[in-house]
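Residues per chain, in single letters:
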Protein chains: 4
Amino acid sequence: MHDLTAIVADITEEMLAAPDRGRPADYIPPLARVDVGKFGMAIVTLDGRVFTGGSADELFSLQSVSKVFALTLALGRVGDQLWNRVGREPSGSAFNSIVQLESERGIPRNPFINAGAIVVADVNLGRGAPRESLAEFTRFVRHLADDDTIAVDQEILKSESETGYRNLALANYMKSFGNLNRPPEDVLALYFGQCAIAMNCVQLAMAGRYLMAAGRIPDSGHRIVSAARARRINALMLTCGHYDASGDFAFRVGLPGKSGVGGGILAVAPGVASIAVWSAGLNAQGNSQLGTLALERLAVRTGWSVFDGMNVPGI
Amino acid sequence: MHDLTAIVADITEEMLAAPDRGRPADYIPPLARVDVGKFGMAIVTLDGRVFTGGSADELFSLQSVSKVFALTLALGRVGDQLWNRVGREPSGSAFNSIVQLESERGIPRNPFINAGAIVVADVNLGRGAPRESLAEFTRFVRHLADDDTIAVDQEILKSESETGYRNLALANYMKSFGNLNRPPEDVLALYFGQCAIAMNCVQLAMAGRYLMAAGRIPDSGHRIVSAARARRINALMLTCGHYDASGDFAFRVGLPGKSGVGGGILAVAPGVASIAVWSAGLNAQGNSQLGTLALERLAVRTGWSVFDGMNVPGI
Amino acid sequence: MHDLTAIVADITEEMLAAPDRGRPADYIPPLARVDVGKFGMAIVTLDGRVFTGGSADELFSLQSVSKVFALTLALGRVGDQLWNRVGREPSGSAFNSIVQLESERGIPRNPFINAGAIVVADVNLGRGAPRESLAEFTRFVRHLADDDTIAVDQEILKSESETGYRNLALANYMKSFGNLNRPPEDVLALYFGQCAIAMNCVQLAMAGRYLMAAGRIPDSGHRIVSAARARRINALMLTCGHYDASGDFAFRVGLPGKSGVGGGILAVAPGVASIAVWSAGLNAQGNSQLGTLALERLAVRTGWSVFDGMNVPGI
Amino acid sequence: MHDLTAIVADITEEMLAAPDRGRPADYIPPLARVDVGKFGMAIVTLDGRVFTGGSADELFSLQSVSKVFALTLALGRVGDQLWNRVGREPSGSAFNSIVQLESERGIPRNPFINAGAIVVADVNLGRGAPRESLAEFTRFVRHLADDDTIAVDQEILKSESETGYRNLALANYMKSFGNLNRPPEDVLALYFGQCAIAMNCVQLAMAGRYLMAAGRIPDSGHRIVSAARARRINALMLTCGHYDASGDFAFRVGLPGKSGVGGGILAVAPGVASIAVWSAGLNAQGNSQLGTLALERLAVRTGWSVFDGMNVPGI
């Protein structure tokens, strides 16, 4: 058994001292102002212990990490029919690329690029109003994290709504191919809202527990998805969770993970732990510079990489 | 512990009876003639037991499965310098696509698409002659599999050399960007040669043992690569091993794997087993139709998916 | 001197009898209902004579033919600064392609693909309201054609506004790159409006007179643009006026021309004539099937192709 | 009637003094060494007068200008069947782009990009040997120019053959789609040979006379192609003759033209003149910097732009 207290302390110390911290997202003002000097980390193990380091209690904007929970919710609503409207392949392109949509007739490559997440939002919107659907989504995340204080950051939401032209382009483009049921504006109201949820590392690691535990929340035993579906969401996180740096993240870290431009990353060690890291500075691919490094260090120290056979017993 | 004997027997029986068997590769005559009615499977566990089903002793053409061993050899020659010449990201494109090479200045996306494997062959060729380099490669595979009978199928080699215009295009294209050191013809002589190696499922599963065992051959303890490198090769197999169906393979099977148009697939359950399956009929993405299905069944029966936390003990 | 009366009569007769008439645009209902059995044609010569055939007096929807007049207006407003925001090259792509915009940072290839025409509309909108800008545009076209009855077809406009998701995608996409000054909805209100103008062949041929006459309206001598600018607009019509069939149109017809999905085409024989043809059935590239054929016949009969040196005197 | 003697003198003087001269092609050493200080120009009028300026007698490498004569020869061999193997549309891409070939199944966009010219060379090779086919091509050019001294520059040919990896990639790629009949090496032997022909401005302008004169050599009356075919070759030169700067060339110059990386450009004023300019410095698109500027000046001074109606008599 690893001394996770020491490991988390060591990694936090190293991250707080790291000279190259990346740059915060600059596309909306409230994100651009976040202090890149901060770093937070939280690990929740299968047996319920929690290990934290740095600013693990500081709220940050969930952004694209929300796509994991949105996908989970959508699969609960329409099941595998979702895959008629969105693919399961890495895109090889940036998070907001529109190119593949043209040759692939409006079907996004996977649910973790923006276009795919917009289709997922259309599913989650269903026939409802954006406000009610966002409230439902927020309740779902609260349930996963067992924390009723989680809420949408209204300043972030307002900024995103005002400047989201690229996402409006993606939504209208898919609408032109018939791959959105609802008006683009309504779908994006939900999408921008889910992205604007604020969480801290502890809340995020708690919310991800079902993914390490075959679809159930470990302490309550409450089933969120089937074991097969949890496995598949993990697979998608590994192959598609970091846009066009997904391969590199798998190569370096070896854990299913999903990043957001708010600087957060949720990572899953199946059967072992749910992990959240946060630091607002991003690398060239738009993923948290220190968050990625911290997870790389963690995987080396613990052997939790899914590609590492050493801490697995023989059959 | 699973009853692997029964599992392999069940899967083999199901595969032999499967109605939809895919179509054999048709680009060279010797591959097009292979009987799609056959299916073979072999599992070698960490502790050295071997389980076989169907035509596990029948030779097939290794084709792109050879890219795993070639990558391993090249990393041994030049280490991480390799990554200056080839990327580590899924391509989102077909195995023989030339499009990304243009916008990315002759740097292939990963070592498992053809362009990337041609760069790897250029590394393995070094300053040598193609014939000697191919002999060296064959010796390496024999060593991995502990079987000195493994050899190049000369009929396959002759056919590939005569019709490999697409690969010649890729090689000349990368040469124009300065990303091949040796003449394209020489590099392809080695590349076509490694693809033309014939192996059976038992030999292939044996050859893959170092990937489940942190870089060592389990019985001899001989180190092939470091544990970190074995982990990273597994990561690349998972994200890039099945071309533009890599995401789907991870979603359905959840094991690092590498396919070839000869119908073989090598899969790795880290810390647990090395697995080879073979059936000549291919699906639309050029991967073995029944091989993929057999591995999906195996992952479900054993819980070996790297995304499945259930048979992993807590920390 | 050609007997244009006979030539127009012959061509009209052939077109009315042609078996393959193409298919009308189907993206909005009012266009889909237009009778493909009709054909109209009008030629206005430099010296002011008018030759007509078939349904030369029947109104049709101007659609993309309006882009010529919009470009003319925009060049009058901002001059060559326009070329900082839109290119002058054939796109090699369909009229509504979004792909090049991504790699070319939101700068459309030319003012005759939809994206480019949307930038032009943003220029023409200036700081005004869409309604006033559309009224101004309509007045400009009336002036060119010397016909105050020309007006917007409100049914067409309503249909376009309701289904223009692809154009909304293009506009929002360029807005995300900062290449639109005004809100996408306002820009498209003008764009949809200009496309919805209804004209007949006589009106359209009259409106195009300044392009054959070095920038002046021949009878009044009123200057619309400089001779150099008229020449350049003609050049753009020839290289870019028929989307990804521009090369074929130049090859077959050899005249600067601009087509619209309403089935109209405006063509220019510099120094000689302004020509309008109309037939609602479109070919595979979205250009009028019979309109193109009629212009091909006309060029052969008259030698008006700009690539034909035979009716040009020596220097 | 224009004073062409004065016009040519003025333009030559301006070009020799121009500060920004572009950069010579650097991909093979013999081209990189050419002096960018030189400029040459020759005009041959329909009535046979010849006007020259600067280094009009200095040999330069024909390079891609040869594609016009190769196309003419191929159309003579197989007629319009050629268009089954190569398109007639501007590519919107660089001269050596391979991207469109993938999505368009090995059919090049037009005969003036490298891929298209390689298909044309395959046609001209027919069943012959490269050496004989090159001799035949050279004889054809000598006939057009009425000059038996025209020959292949062997130093250029040797350099091209040694470094032509990109063209080898294009040829092998099209071969993989079945769009070359002969081995890529043989096709390229002819292609490199035709590109390596050396001509001076007077010879080149003489060789282009049939394109201004409806397909006949004006003085002898010898028919090279039909009038319709000459018109269509002119159309292709205008829409596709300058790669991804074809639109800009049409916009600025307004004459059918074909450039080569040797710095030469052949331009045609239908019914009026055949024009050759040369200066080795290239602009960013790979076309002669001063050659383009000289033609722009010429078109303004003479009104020869095909889009300029002012010197054309009324009908």
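Residues numbered from 1 in each chain as written. Chains lettered and ligands numbered in written order. Predicted model: local features only at pLDDT ≥ 70, side-chain atom pairs only at ≥ 80, totals over all residues.

Student: Would you mind going over the overall build of chain A in detail, with residue names and values included?
Tutor: Along chain A, the regular secondary structure elements total 14 helices and 8 strands. Computed over the C-alpha atoms, the radius of gyration of chain A is 18 Å, within 12% of the 20 Å expected from 2.2 N^0.38 for a compact globule of 315 residues. Over its C-alpha atoms, taken along the principal directions, chain A stretches across nearly 55 × 45 × 40 Å. Expressed as a percentage of the 315 residues in chain A, the buried residues total 64%. Taking contacts inside chain A between residues at least 6 apart in sequence as the whole, the part at least 24 apart equals 68%. (Helix = DSSP H or I, 4+ residues; strand = E, 2+ residues; numbered from the N terminus. Rg over C-alpha atoms; globule rule 2.2 N^0.38 Å. Buried ≥ 20, exposed ≤ 12 C-beta atoms within 10 Å, placed from the backbone. Contact = placed C-beta atoms within 7 Å.)

Student: So what's going on with the environment of L144 of chain A? Residues and values would help.
Tutor: Residues and elements named next belong to chain A. Here L144 lies in helix α6 (residues 130–145). Along the sequence, L144 and Y210 sit 66 residues apart, while their C-alpha atoms lie 7.8 Å from each other. Other than its neighbours up to four places away in sequence, L144 contacts F69, A207, Y210 and I224.

Student: Just give me the short version of the sheet that holds strand β7 (residues 264–269) of chain D, but keep the residues and values in it.
Tutor: Residues and elements named next belong to chain D. On the basis of which strands lie adjacent, the open sheet formed by 5 strands has the order β2-β1-β8-β7-β6 and antiparallel pairing. Two strands bound the open sheet, and with one partner strand each, they are β2 (50–54) and β6 (257–259). Averaged over neighbouring strand pairs, the angle between their axes works out to 10 degrees when direction is ignored. Judged from the 3 bridges that link them, β6 and β7 form a sheet pairing that is antiparallel. Bridged to G257 within β7 is A267. Together, β1 (40–45) and β2 form the strand contacts of helix α1 (residues 4–17), whose direction differs from that of β2 by roughly 20 degrees. (Pairing = 2+ DSSP bridges. Axes fitted to C-alpha atoms, helices over the stretch in contact; angles between N-to-C directions.)

Student: Run through the interface of chain D and chain B, naming residues and quoting values.
Tutor: In this complex, chain D contributes 12 residues to the contact, which on the side of chain B involves 12 residues. Listing elements by their share of the side of chain D that touches chain B, those giving two or more residues are α4 (99–103) and α8 (165–176) of chain D. The greatest single-element share of the side of chain D that touches chain B, amounting to 8 residues, is contributed by α8 of chain D.

Student: Describe helix α7 (residues 154–163) of chain B, listing the residues and the values that go with them.
Tutor: All names here are of chain B. Looking only at α7, the buried set comprises I156, L157, S159 and E160. Here the buried residues of α7 occupy an arc of 165 degrees about the axis, which is enough to place them on one side. Seen from the open side of α7, the exposed residues pointing more than 90 degrees away from its buried face are Q154 and E162. Buried-residue contacts for α7 involve α2 (29–32), β3 (60–61), β4 (151–152) and α9 (184–195). (Arc of directions from axis to C-beta.)

Student: Any chance you could break down the interface of chain C and chain D for me, citing the residues and the numbers?
Tutor: Taken residue by residue, the interface counts 46 residues in chain C and 46 residues in chain D. Within the residue set of the side of chain C that touches chain D, elements represented by two or more residues are α12 (227–240) and α13 (246–252) of chain C. The residue makeup of the side of chain C that touches chain D, split by class, is 22 nonpolar, 15 polar and 9 charged. (Nonpolar A, V, L, I, M, F, W, Y, C, P; charged D, E, K, R; others polar.)

Student: Run through the relation of the copies chain C and chain D, naming residues and quoting values.
Tutor: Take chain C, turn it by 180 degrees, move it 0.0 Å along the axis, and it overlays chain D with an RMSD of 0.0 Å. Such a combination of rotation and displacement between the chain copies is what one expects of a two-fold axis. With an isologous cut-off of 70% or more, the 100% of interface residues of chain C that recur at the interface of chain D puts this contact in the isologous class. (Least-squares fit on C-alpha atoms with pLDDT ≥ 70 in both.)

Student: I'd like a description of the relation of the copies chain D and chain B, backed by residues and values.
Tutor: The transform that puts chain D on chain B rotates by 180 degrees and translates by 0.0 Å along the axis, for an RMSD of 0.0 Å. Both copies share a contact surface, since 100% of the interface residues of chain D are interface residues in chain B too.

Student: Provide a residue-level description of the domain arrangement of chain A, including the pertinent values.
Tutor: Residues and elements named next belong to chain A. What the domain assignment lists for chain A is domain 1 (4–63 + 198–302) and domain 2 (65–197). Tallying the contact residues gives 32 residues for domain 1 and 35 residues for domain 2. Secondary-structure elements contributing two or more residues to the side of domain 1 that touches domain 2 are α2 (29–32), β5 (197–199), α10 (201–207), α12 (227–240), β6 (257–259) and β7 (264–269). Examining the composition of the side of domain 1 that touches domain 2, we find that 6 residues originate from one element, α12, more than from any other. Of the residues assigned to the side of domain 1 that touches domain 2, the class counts are 19 nonpolar, 10 polar and 3 charged. (Domains from an automatic or database assignment.)

Student: How would you sum up the packing of helix α5 (residues 114–125) of chain D against α8 of chain D? Please name residues and give values.
Tutor: All names here are of chain D. Closest axis-to-axis distance for the α5/α8 pair is 10 Å, and the angle between their directions is 65 degrees. Of the two possible hands of crossing, α5 and α8 adopt the one that is right-handed. Here N114, A115, I118 and V119 of α5 come into contact with α8, specifically with N167, L170, A171 and M174. A breakdown of the residues in the contact of α5 with α8 according to their chemical character gives 6 nonpolar, 2 polar and no charged. (Left-handed = near helix turned anticlockwise from the far one by under 90°.)

Student: Before we move on, could you go through the pairing of β1 of chain D and cite the residues and values that matter?
Tutor: Every regular strand shows the same layout, with side chains that alternate between the two sheet faces. Residue and element names in this part refer to chain D. Counting buried residues in β1 gives 6 out of 6 residues, a clear majority hidden from the surface. Two strands pair when backbone bridges link them, and β1 and β2 are joined in this way by 5 bridges, in the antiparallel orientation. Bridging across to β2, I43 finds its partner in F51. Between β1 and the antiparallel strand that follows it, β2, lie 4 residues; G48 among them carries a positive phi value of about 95 degrees. Sheet analysis places β1 next to strand β8 (residues 273–278), joined by 6 bridges and oriented antiparallel. Bridging from a neighbouring strand, I43 pairs with I275 of β8.

Student: Requested: an account of the sheet that holds β7 of chain A, with residues and values cited.
Tutor: Residue and element names in this part refer to chain A. The strand order across the open sheet built from 5 strands is β2-β1-β8-β7-β6, with neighbouring strands paired in antiparallel fashion. A single partner strand is all that each edge strand has here, and the edge strands are β2 (50–54) and β6. On average, adjacent strands in this sheet sit at an angle of 10 degrees to one another, irrespective of strand direction. Contacting β1 (40–45), β6, β7 and β8 (273–278), helix α14 (residues 289–302) crosses the sheet at an angle of about 145 degrees to β8.

Student: Talk me through the packing of helix α3 (residues 66–78) of chain B against helix α12 (residues 227–240) of chain B; I want residue IDs and the actual numbers.
Tutor: Any two packed helices are characterised by the angle at which their axes cross and by the distance between the axes. All names here are of chain B. Running from N to C, α3 and α12 point in directions that differ by 145 degrees, and their axes come no closer than 11 Å. Of the two elements, α3 crosses α12, and the hand of that crossing is right-handed. Across from V68, L71, T72 and L75 in α3, the residues of α12 making contact are R229, I233 and M237. In terms of residue class, the contact of α3 with α12 is built from 5 nonpolar, 1 polar and 1 charged.

Student: Just give me the short version of the environment of I197 of chain A, but keep the residues and values in it.
Tutor: Residue and element names in this part refer to chain A. Turning to its location among the elements, I197 is positioned in strand β5. When the C-alpha positions of I197 and G254 are compared, they lie 27 Å apart, and in sequence the two are 57 residues distant. Apart from residues no more than four positions distant in its own chain, I197 is found in contact with L62, S66, T138, V141, I150 and V152.

Student: Summarise the confidence of the model for chain A; cite the residues concerned and give the values.
Tutor: Fine structural detail should not be taken from predicted coordinates in areas where pLDDT scores are low. All names here are of chain A. Here chain A averages 94 in pLDDT, while 98% of its residues score no lower than 70. Across residues 311–315, confidence stays below pLDDT 50; counting only partners more than four residues off in sequence or on other chains, it has 14 contacts. If you check the scores for this complex, the pTM reads 0.93 and the ipTM reads 0.95. (pLDDT = per-residue confidence, 0-100.)

Student: Explain the pairing of strand β8 (residues 273–278) of chain B residue by residue, including any values.
Tutor: All names here are of chain B. Counted residue by residue, β8 has 6 buried out of 6 residues, so it is predominantly covered. The pairing of strand β7 (residues 264–269) with β8 spans 6 bridges and is classified as antiparallel. The residue bridging V268 from the neighbouring strand is S274, located in β8. If you look at the hairpin formed by β7 and β8, you'll find 3 residues sitting between the two strands, and G271 has a positive phi there, around 80 degrees.

Student: Any chance you could break down the environment of A198 of chain B for me, citing the residues and the numbers?
Tutor: Residues and elements named next belong to chain B. Note that A198 resides in strand β5 (residues 197–199). In this structure A198 comes out as partly exposed when scored by C-beta crowding, with 19 C-beta atoms within 10 Å. As a C-alpha pair, A198 and A276 span 78 residues in sequence and 13 Å in three-dimensional space. Here A198 is in contact with L59, F60, S61, L62, A151 and D153, once residues within four sequence places are set aside.

Student: Tell me about α12 of chain B, and please be specific about residues and values.
Tutor: Residues and elements named next belong to chain B. Helix length check: α12, at 14 residues, gives a terminal C-alpha distance of 20 Å against a target of 20 Å (1.5 Å per residue), a fit within 8%. With respect to burial, α12 is a largely interior element, 11 of its 14 residues being buried. The complete set of buried residues in α12 reads A230, R231, R232, I233, N234, A235, L236, M237, L238, T239 and C240. (Expected span 1.5 Å × (residues − 1).)

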